[in-house]
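Each chain, letter by letter, is given below.
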Amino acid sequence: MNKPVSKKCPCGGGKYAKCCEPFHTGTKLPRTPEELMRSRYSAYARGLTEYVRSSWHPSTLPEGLTLEDNPEWLQLQIIATGSHGNRGYVHFKAYFQVDDDIGVMEEQSHFVREQGRWYYLEGEVVDA
Ligand SMILES: [Zn+2]
């Protein structure tokens, strides 16, 4: 028997192979801010530093980005998303675990499309 759990995409969108994996391997480009957001979340969850970097707009990419202190990501919840021309946003909650504590990060992320490709630009933390 296969273990179906390990084949699930971290973003909650179904099978990894049909969800965020094609974005991570470069087979497909995300068509919407939500797809990019999901693929970035999954990249964080799987420790794919290169993908997190390459999907970040160069103008706001932190120097020396590393996922070393990354918590364990448990679940992504998309609250709202939309786009207008080459600008888009995703409002989401991301649940994570550090030691025995579960936390939640709520953020409004902004995305920009350049030459047909979406990038993460910046995000504002939403206070609960
Ligand atoms: Zn996914």
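Bear in mind the structure is a predicted one, so any value in this text is a computation, not a measurement.

K.L.:
I'd like a description of the coordination of the zinc ion, backed by residues and values.
P.N.:
For the zinc ion, the protein coordination sphere consists of Cys9 (SG), Cys11 (SG), Cys19 (SG) and Cys20 (SG), at 2.2 to 2.3 Å. If you look at the zinc ion, its four donor atoms make angles of 98 to 115 degrees with each other, and the shape they trace is tetrahedral. Summarised as a motif, the one-chain spacing of the donors to the zinc ion is C-x1-C-x7-C-C.

K.L.:
Can you tell me about the sheet that holds strand β1 (residues 72-84), naming the residues and giving the values?
P.N.:
The strand order β1-β2-β3-β4 describes an open sheet built from four strands, whose pairing is antiparallel. Of all strands in the sheet, those with a lone pairing partner are β1 and β4 (117-125), marking the two edges. Strand-to-strand, the axes of this sheet are offset by a mean angle of 25 degrees, without reference to chain direction. When strand β3 (residues 101-114) meets β4, the two strands line up antiparallel, connected through eight bridges. By the bridge assignment, Glu114 is partnered in β4 with Arg117. Its contacts with the sheet put helix α2 (residues 33-46) on β1, β2 (87-98), β3 and β4, and the angle it makes with β1 is roughly 165 degrees.

K.L.:
Talk me through the UniProt feature "domain: YchJ-like middle NTF2-like" (unreviewed entry) in the protein; I want residue IDs and the actual numbers.
P.N.:
Using the residue numbers shown here, the UniProt feature "domain: YchJ-like middle NTF2-like" (unreviewed entry) corresponds to residues 32-123. Annotation note: span residues 32-123, helix share 22%, strand share 50%, distance between end C-alpha atoms 17 Å.

K.L.:
Can you tell me about α2, naming the residues and giving the values?
P.N.:
In this model α2 runs 20 Å from its N-terminal to its C-terminal C-alpha over 14 residues, within 8% of the 20 Å that 1.5 Å per residue would give. Turning to α2, the residues buried within the fold contact α1 (21-25), α3 (49-54), β1, β2, β3 and β4. Downstream of α2 by one or two residues, Gly47 has phi in the positive range, about 70 degrees.

K.L.:
Explain the nonpolar core to me, using residue names and the numbers behind them.
P.N.:
By size, the foremost hydrophobic cluster in this structure holds 24 residues, and its most contacted members are Cys11, Met37, Tyr41 and Phe111. Every element with two or more residues in this core is listed here: α2, α3, β1, β2 and β4. Each residue touching Cys11, except ones within four places of it in the same chain, is listed here: Cys19, Cys20, Arg38, Tyr41, Ser42 and Leu76.

K.L.:
Provide a residue-level description of the pattern of salt bridges, including the pertinent values.
P.N.:
Where charged atoms from two side chains of opposite charge approach closely, those side chains can pair. The final tally for this structure, using the stated rule, is three salt bridges. Of the charged contacts, one joins Arg38 and Glu34 as a salt bridge, the two residues approaching to 3.0 Å between their closest N and O atoms. In this pair, Arg38 and Glu34 are both assigned in helix α2, four residues apart and thus about one turn of the helix distant.

K.L.:
Please give an account of the layout of surface pockets that cites residues and values.
P.N.:
When its volume is computed, the largest pocket comes out at roughly 200 Å³. Around the largest pocket sit Met37, Arg40, Tyr41, Tyr44, Trp56, Trp73, Phe92, Ala94, Met105, Glu107, Ser109 and Tyr120, which together line it. When residues of the lining of the largest pocket are traced back to their parent elements, those giving at least two are α2, β2 and β3. Residues that form the lining of the largest pocket fall into these classes: nine nonpolar, one polar and two charged.

Each value, and the rule that gives it
Residues numbered from 1 in each chain as written. Predicted model: local features only at pLDDT ≥ 70, side-chain atom pairs only at ≥ 80, totals over all residues. Heavy atoms only, no water. Donors = N, O, S within 2.8 Å, 3.2 Å for Na, K, Ca; no water. Tetrahedral: all angles 85-135°; square planar, octahedral: opposite > 155°, others 65-115°. Pairing = 2+ DSSP bridges. Helix = DSSP H or I, 4+ residues; strand = E, 2+ residues; numbered from the N terminus. Axes fitted to C-alpha atoms, helices over the stretch in contact; angles between N-to-C directions. Contact = heavy atoms within 4.5 Å. UniProt positions renumbered as here; feature names shortened; annotations may be inferred. Expected span 1.5 Å × (residues − 1). Core = buried A, V, L, I, M, F, W, Y, C linked by side-chain atoms within 4.5 Å. Buried < 20%, exposed > 50% of the residue type's maximum accessible area, 1.4 Å probe, protein only. Salt bridge = Lys/Arg side-chain N within 4 Å of Asp/Glu carboxyl O. 1 Å grid on protein atoms, 1.4 Å probe; cavity = no way out; pocket = protein on both sides within 12 Å on 5 of 7 lines; lining within 4 Å. Points joined across faces, edges and corners; volume = space filled by probe spheres on them. Nonpolar A, V, L, I, M, F, W, Y, C, P; charged D, E, K, R; others polar.

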